[in-house]
Structure formats: C-alpha cells, structure tokens
Protein chains: 2
Amino acid sequence: MSNDFLNKPASRRAFLSGSAAAVVGVAATGTARAATPDPLITEVQPWASGLGVGVDEVPYGLPIRFEDDVVRRNVEWLTADTISSINFTPIHALDGTITPAGCAFERHHSGAIELSKDDYRLMINGMVDRPLVFTYDDLERFPRENHTYFCECAANSGMEWAGAQLNGAQFTHGMIHNMEYTGVPLRTILEEAGYDTAGKWIFVEGADASSNGRSIPMEKALDDVLVAFKANGEALRKEHGYPVRLVVPGWEGNMWIKWLRRIEVLDRPVEGREETSKYTDTLADGTSRKWTWAMDAKSVVTSPSPQAPVAHGPGPLVITGLAWSGRGAITRVDVSKDGGKTWETARLAQPGDRMALTRFYLDTDWDGQEMLLQSRAMDDTGYVQPTKDQLREIRGENSIYHNNGIQTWWVRENGEAENVEVS
Amino acid sequence: MSNDFLNKPASRRAFLSGSAAAVVGVAATGTARAATPDPLITEVQPWASGLGVGVDEVPYGLPIRFEDDVVRRNVEWLTADTISSINFTPIHALDGTITPAGCAFERHHSGAIELSKDDYRLMINGMVDRPLVFTYDDLERFPRENHTYFCECAANSGMEWAGAQLNGAQFTHGMIHNMEYTGVPLRTILEEAGYDTAGKWIFVEGADASSNGRSIPMEKALDDVLVAFKANGEALRKEHGYPVRLVVPGWEGNMWIKWLRRIEVLDRPVEGREETSKYTDTLADGTSRKWTWAMDAKSVVTSPSPQAPVAHGPGPLVITGLAWSGRGAITRVDVSKDGGKTWETARLAQPGDRMALTRFYLDTDWDGQEMLLQSRAMDDTGYVQPTKDQLREIRGENSIYHNNGIQTWWVRENGEAENVEVS
C-alpha cells in the first residue's frame, strides 16, 4: 500500500544492489548445498511426514514455545513491591500496531483484582438530575462505539530523565499498548443521569483498594471518553480492568480507570493524591506542573534495539518503530543514523490514526558501520518531538512523568545495540 | 463517532422513553436498597479492601476465568477426525473487529505442526531467473507492509445449504478471523527471483504433511498477497502457520498457505487435489464450479443469537454483527426483524475497510415480541448479499463451499434465539 519502494524504479534498483548480501547469502547456501546438501531442503523433515496437533487440543491458544521470551517483564528495583508496579510490553519483538492483550503492559496501585460481571456496579452521582446505578447488563444496552487508541503510562521513559538507564525498548518505552476498544461513550452515561451543566468536572474511581481517583474536565468527558468493556474484540483482561474500564484517548494511562466503580459530577476538581503528590512534574525550582493530561508526540525505534540486535551483516536492513501523539494523528516520522545530525523521512505503514500507535519503517542499506539511531515524530498539530536536552532545559531533571524526548540506540558494527545519550 | 443517536434529539427522546426498563430497573434497585441495602453498593467488598495480583505473576496473560466459555469449539460429527478439522471462532461473544489469536478459528488438513524459525526455509523456483531459498532472517530484510484482513474458510456456513443446522453463530459463521498482518509483499519475492512474465500462475505449498498446494493467478500474486510473519503485532501462532503464512486478501482461507514452504512460477495451474476434488462447488447437474476464489459479501448478526440470547426484557436492545466482502469494502448493512419483509439500515462502527471485517450496530427499542433477525451486507462493487433460496436457485444444494446467504435467527419473547429458515 504505502510501499513507495515497489513503485519507484530508482529505489528498486537501489534495493536490488543493496540486497546483494542477502542474495549472496542465499547463493552461498545454494553452493554449499551442491557440496553438502541442506537437509532442510533435500530431506523430508518430521513435520512434513507426521501429523500435527488436532483442533480439539487448544480451545484458547498461547504463543508457540519458541516465542517464550516475548512476554511482559517487570523491573524489580523500580518499585518497592510488585503489587504496585509495572509490567512492560515487549515492543522490541512486536510489529504492526495492535498490542495483543496477553503481553500488553499492566500497571496497578494495589494489584489486579477479580471482579465478576454479576458483582459489577457503576454509580453516577453528584451534580446530576438522577443518581443512577448500572449493572453490567445495563451498560450493554447503550449504543456502542469502536476505536483503536494507545494507552501510555505517564511514567513511560521516566527513568531516562537522568540519562540512559535501562537497556531495552521494552523498558524505556514499554509502558504502552494499543488496542481496539468497544464501549459506551461516557457522554451517553452523563446524559442518562442528566448532568448539571454547572458541573465542569467529573471524578472517577475504580473498585480496587487503591481506587485511583482522578478528576477529568467535563469537556473531555463529553468529547471522546469511553466506558469500555472489550479490547481487541474480547472482554477486557483482568489486569486491564475487567469487566469495565475508562478509556481516555490520548491522556495519561493513570486516568484510564480500571474496574470503574463511580463517576461523580462536580463543579471543581478533587485534587486527589493521584493528581497532587503523584502525576505532577516537579520542576527545577521545586514547583510542580499539574493537569498534564495529554501525552505529547513521541516515538521510538523498536528494531534494531538492545533487545533486538541486527542479526546479519551489511546490506538491506529494516529499521522500524512506533510513533504516537495524544493530541492527534502522526503525520511524519524522521529517522537519524548519526545521532540527529542528518535525518531521513520514514515510511508510515498506514496513515496516522488519531491517538493510536503508528508503525514506521525505514528500508535502508546498512554499510556495516556503527549507527546512533534516533526517531523523531511529528503530529497534525505541527508539534515536533523534542530532544531529551530540550526537555531538560524547560523541565529540569526532577520529573518522573511525561518524558517524550528522542531516544538513541548505539548500534555497533557487530549489530548489538545499547541505550546511550547524545548531546 | 458515527453515533447518530446522540446527535438526534428525536432519537434521543425515543431512547430515553425506550430505556424506561433500564431506568426502572435501576430505580427498583434503589428502592430495594432503601429497604434492604444492596451490599455491592453499601458495603466494602473484598476486592476493594484487599490486594490483587502483582505484576510478576503473569508474563503472558489469558482471559479471566469468568470468560472460560469464550473459546474455539469444534463439532465432532463434522469431520472424521480432529487432525483434519476446524475449530470455530466464538464470534457470538466478541465485539469490535479484531479477532484475538487465542480464539481465532483454525483449520488443518494434517494438524498444526511445530516449525522453528531456524528450521524454516522458503524456496521459490520454476519460471524464474534465479531459484532462491530464503531463511526466516532473509525475509525480515525486505520492506514490510501492515494490513488488516479477514480470513474465511470457503466452507464457512456450508452446513446451511441443507437448511438451518447448527445452533449458534460460532458454528454457522465462525470459520473466520480478522487480524492485522505484517509481512513482505509476495510481489517483492517474485521480483527478487526475477519471475518470467510468461508465468501466469504460481503454485504455493506448506511444510506440513498435507502440503495443501494451491494455484494462484500471477495477477493476484503481484497485487496484494503477503508473505506474513506477524498477526495482531506478534508472531503467528503455531495453529496459524508459524513462522510464515501466505495472506491472500479476500480469497478463501484454504489458499492462505500456512508454514509456507515453496512458491513455484508456472505457465498453467497445477489442478491439485485442493482445487479439483476439494474447494469446488458441485452444481445441481453434477458439474463443478471451480476457481471460486473470492469470498462474496456476507454478514451475520452475532448478538442476539442462539449462544447470545437477550438477557433483558423489552426496551433498549443493541443488535450487532459482522459484515465482510472479499471483493472490496462494506458500504452498508441492513437489518430485518421480520424475516426480510422490512429492513432498517444499521450503523457501521467504522467506515468499511477493504477485505476486513466491519462491525455493525442497530440500536433499537425491542417491543418484547418475537423477531426473525436477519442482516444483509452490501459492498462497494454494488453487490447485495443474497438469500439462501436465491443461492440455491443458482447453485443447487450439493455445494459445501461459498454459502454467503442471509442468516436468520428466531428470537423468542423470552429472549432465546434459534437458527431457522425463512422462505
């Protein structure tokens, strides 16, 4: 589709010459076969002569054992315990844009709870004509919408404020996932209860012990927020808020209340713990930036990266990554191989989708020399992803949240990559 | 987004009155609470007072136990054994358009084999300048594309030729899934080998014992076919062809060769078993329709349906389902409650996407009377999904494949539904 490559003779020639390595590699195999045949080509293999697994054996499947390393991982030293912690998405090993629920990052403040549909209740109260309590079945009777959105933790890449820390895209940028949600617009629920137009805010909380209460401006609540019950077609997973979570497009993940229990309409924000002592950014002078809800445009090269080294020598190399913006759609992504001195515009696999992950590719001819790989995202507001230093100039180094600075991977001649800082 | 409902005062009023049941239900709960408080509202529950599961416990997650019935199911009497059989997608319980790999239908001719990336080889031979053998790593060096496509088995709904048979959308229409694929255009592989323009066909086969060889016209091979290695972001599952499968947009699933082993360029089709004794439609006069590759426009109401009865009384009811076309994009879906006498145009959750599933909704006010639910899909070629009888007039009743007739669910006053025929 957006594979320019196939439509431009010039590029095509460039690739064919560039792909010499691959072709030689294959030819070499061929030559080798002439002398010592490759049994994988010349001999009947067990998987081609025996029967495989029948359809009655796996009602619900898991990845094949060879992919056992493509899983969520947590970082022990990052939090005091694993109950209030984070499990990172293995973005270094994924492609496309959809994140499978099974390996989609999870963040809890008091652990993932088990709440059945029968036990589920959603209350809406405060400045409304009639306080209501909905059962799960009630919610299923309202008109639904489907939208694909990314959910990024405000702390994603937070460890990078002090310089290159964790060695892998999974750990520097894996507090994010992207799923197709099905749910009821929050606007519908607010209208059903008859919200008071003087109510400029809502306060939402979850059914878990932390409750994780957050204040959201009514303007956003009426715009595109969803009361969601399905992700990627199926019921939300336990760790993602089963049976109902809030989906707040483009805004920090902490506001995407899981196990959604209550919505209160208010004339002012609650200023709760999760929006005062947490989820604010401490500036150099000690004051705090608050109400930093939208996640600014950001990107990262997922391969090659520390956990996904280049597996071959010079020649054709696919550089790929993800870009997203909480303020709109990604319009362009540039990639640099020299730490930001020069840039090439990457190919977007599909046109940028509003507040959803966008996959980019740079189909290049690697000369085998070391690279300082970077990616730089731009969205339809005209915003350009900044460098880490540009962010530090404005925000200092005390922040934990909202680090959308440009990431650098140092790819060595042997193909291995490392998280580094360039200034 | 396309929620007309919220923007039309008339409809809005209609809904509010229609939703009396839901509101009364809630009010009743409220009243009941006044007398005997609902502990789910008034008392602190265990999930709100204790800790949940930590992030270190589930590296790769599965659905919560309450969803244990949302799994692939096979039909014992359908095939002689489970090695060459089908496991159906639980479409009655899903929403949105993406099918999670874990419950996406699987169809094998000699079972699902286990083939590692290291053992994987892809050969291209026949009418080419240079026969080539690719390793998995070689394939990853070519430019990739991302596209979401449905894959439907030609036999989907085949049991319906003789009239209403299996009692559930999972079994009548569940031989289908819809995933976001990442792969290399087959065109790129053919150009790399230097295909002979006199080669009008390719023959493709898999590495499993059945090999499942199929002939594909070069025109299609050069158009939109993908040599895919990822689905919904992650590596293909074992049962879906790990590590590499062919993706043939809009065409019958049998051509989507799993564990892709070989591509041969030919000047004529092979006329193999899978395109002569199988995957042809026997007409009334005993002759066969062959080369019936594209899956025509089709749709089905997934809820309510036999496995998803209406869980409530009269009032607001969301009727939803899926529509797709192997010839283009879905432009419109109509829904009938009276067995096809009258039709209402449904709301498409998103604009129809080429050769991908489209989710439709009809937000209605159920009067509590029985319904004969049907859906009728239309695509951008102007094609309108036919009735089963219209198909039988042309194709007779000996066919197994390509039954895209309109499905009928008889929804009783008690909300239970049944697979029925209407003429």
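Above this text is the structure in question.
Numbering of residues starts from 1 in each chain and follows the order in which that chain's sequence is written. Just so you know, chain letters begin at A and ligand numbers begin at 1, following the order they were written in. Local features in this predicted model are restricted to residues of pLDDT 70 or higher, and side-chain atom pairs are both shown and tallied only at a pLDDT of 80 or more, whereas totals for entire chains, interfaces and linings draw on every residue. To obtain the side-chain values, all non-hydrogen atoms of the structure were used and water was disregarded.

### Things to note about the relation of the copies chain B and chain A
As a reminder of what qualifies: Superposition of the copies used a least-squares fit over C-alpha atoms from residues whose pLDDT is at least 70 in both. Here, residues are in contact when the closest pair of their heavy atoms is within 4.5 Å.
Expressed as a screw transformation, the operator carrying chain B onto chain A has a rotation angle of 180 degrees and an axial translation of 0.0 Å, and the superposed copies differ by an RMSD of 0.0 Å. Accordingly, the operation relating the two chain copies is best matched by a two-fold axis. Relative to the rotation axis, the closest C-alpha in chain B is found at B:P100, a distance of 3.7 Å. Both copies share a contact surface, since 99% of the interface residues of chain B are interface residues in chain A too.

### Points about the interface of chain B and chain A
Let me state the cut-off plainly: Two parts lose some accessible area (1.4 Å probe) when they are put together, and adding that loss for both gives the buried area. Any carboxyl oxygen of Asp or Glu within 4 Å of a side-chain nitrogen of Lys or Arg constitutes a salt bridge here. The definition of a polar contact used here is a pair of N or O atoms within 3.5 Å, where within protein one atom must be able to donate a hydrogen and the other to accept one, and adjacent residues in sequence count solely through side-chain atom pairs. Secondary structure elements are taken from DSSP: a helix is a run of H or I of four residues or more, a strand is a run of E of two residues or more, and numbering for both begins at the N terminus. Classes in brief: Ala, Val, Leu, Ile, Met, Phe, Trp, Tyr, Cys and Pro nonpolar; Asp, Glu, Lys and Arg charged; the others, Gly included, polar.
Taken together, the contact pairs 116 residues of chain B with 115 residues of chain A. Looking only at chain B, the three residues that lose the most surface to chain A are B:W47, B:V55 and B:R141, adding up to 9% of its buried area. Counting across the interface, chain B meets chain A through eight salt bridges. In this structure, A:K117 engages B:E67 in a salt bridge whose closest nitrogen and oxygen atoms are separated by 3.3 Å. Across the chain B-chain A interface, the total number found is 52 residue pairs in polar contact (both at pLDDT 80 or more). Here the element with the most residues in the side of chain B that touches chain A is helix 3 (residues 20–35) of chain B; it accounts for five residues. In the side of chain B that touches chain A, the residues fall into 52 nonpolar, 29 polar and 35 charged.

### Some words on the pattern of salt bridges
Short version of the rule: Relative accessibility decides the category of a residue: with a 1.4 Å probe and only protein chains considered, values under 20% of the type maximum give buried, values over 50% give exposed, and everything between is partly exposed.
Tallying each qualifying case throughout the model produces 67 salt bridges over all chains. A salt bridge links A:R214 to A:E252; the nearest nitrogen and oxygen atoms lie 2.9 Å apart. Of this pair, A:R214 sits in strand 8 (residues 214–217) while A:E252 sits in the loop between strand 11 (245–247) and strand 12 (260–266), and the two are 38 residues apart along the sequence. A:R214 sits in the buried class, given a relative accessible area of 1%. B:R268 serves as the salt-bridge partner of B:D267, at 3.2 Å between the closest nitrogen and oxygen. With a relative accessible area of 40%, B:D267 lands in the partly exposed category. Relative accessible area serves as the criterion here: at 54%, B:R268 is assigned to the exposed category.

### A look at the sheet that holds strand 4 (residues 132–135) of chain B
Residue and element names in this part refer to chain B. Rule in force here: Any two strands with at least two DSSP-identified bridges between them are counted as paired. Axis angles are defined between N-to-C directions and span 0 to 180 degrees, where every axis is a line fitted to C-alpha atoms and, for a helix, only to the segment in contact.
If you walk across this open sheet you meet the five strands as 4-3-12-7-8, and the pairing is mixed. With one partner strand each, in any of the chains shown, strand 4 and strand 8 (214–217) form the two edges of the open sheet. Strand-to-strand twist in this sheet, taken as the mean axis angle between neighbours without regard to direction, amounts to 20 degrees. Inspection of the sheet shows strand 3 (residues 121–126) paired to strand 12 (residues 260–266) by four bridges, in the parallel sense. By the bridge assignment, G126 is partnered in strand 12 with V265.

### Considerations on the packing of aromatic side chains
Applied cut-off: The criterion for an aromatic pair is that two Phe, Tyr or Trp rings (for Trp, the six-membered ring) have centres within 6.5 Å, with stacked assigned to planes under 30 degrees apart, edge-to-face to planes over 60 apart and tilted to the rest.
Tallied over the full model, the rule gives 22 aromatic pairs over all chains. A centroid spacing of 6.0 Å and a plane angle of 70 degrees characterise the contact between A:W201 and A:W293, whose relative ring orientation is edge-to-face. Highlighted residues: A:W201 in strand 7 (residues 201–206) and A:W293 in the loop between strand 14 (288–289) and strand 15 (298–303), separated in sequence by 92 residues. A residue is classified by how much of its surface remains accessible, and A:W201, at 14% relative accessible area, is buried. A:W293 gets classed as buried once you look at its relative accessible area, which sits at 14%. Geometrically, the ring pair formed by B:Y136 and B:F229 is edge-to-face, given 5.7 Å between the ring centres and 70 degrees between the ring planes. Remark: B:F229 occurs in strand 9 (residues 226–231) and B:Y136 occurs in helix 6 (residues 136–139); sequence separation between them is 93 residues. Accessibility expressed as a relative area gives 3% for B:Y136, which makes it buried. Residue classification places B:F229 among the buried residues on the basis of a relative accessible area of 1%. Through successive ring pairs, a cluster of aromatic residues spans A:W201, A:W251, A:W291 and A:W293.

### Observations regarding unusual backbone geometry
Backbone torsion omega between A:Y242 and A:P243 reads 5 degrees, so that peptide bond is classified as cis. With phi around 50 degrees, B:N232 is a residue other than glycine that occupies positive phi space. Mapping B:N232 onto the fold places it in the loop between strand 9 and strand 10 (234–235). Even without being glycine, B:W259 reaches a positive phi, approximately 50 degrees. Mapped onto the elements of the fold, B:W259 is located in the loop between strand 11 (245–247) and strand 12.

### Digging into the side chain of B:H312
Note that B:H312 resides in the loop between strand 15 (298–303) and strand 16 (315–324). A distance of 3.3 Å separates a polar atom in the side chain of B:H312 from a polar atom in the side chain of A:R141. Discounting residues that sit within four places of it in the chain, B:H312 has contacts with A:R141, B:L317 and B:W366.

### Comments concerning the environment of A:Y149
Along the chain, the position of A:Y149 falls in strand 5 (residues 145–152). Apart from the residues within four sequence positions on either side, A:Y149 is in contact with A:H177, A:N178, A:M179, A:Y181, A:D224, A:L226, A:V247, A:P249, A:W256, A:R354, A:M355 and A:A356.

### Quick word on a negative patch on the surface
For the record, the criterion: Exposure above 30% relative accessible area and the absence of a salt bridge qualify a residue for a patch, where like charges join within 9 Å and nonpolar side chains (Val, Leu, Ile, Met, Phe, Trp, Tyr) within 5 Å. Here, Shrake-Rupley sampling with a 1.4 Å probe gives the accessible areas, and only protein chains in the shown set may cover a residue. This count recognises Lys and Arg as positive and Asp and Glu as negative, with His and chain-terminal groups excluded. Charge positions come from single atoms, namely NZ of Lys, CZ of Arg, CG of Asp or CD of Glu.
The grouping of A:D365, A:D367, A:E370 and A:E413 at the surface amounts to a negative patch. Its location among the elements puts A:D367 in the loop between strand 20 (358–366) and strand 21 (371–379).

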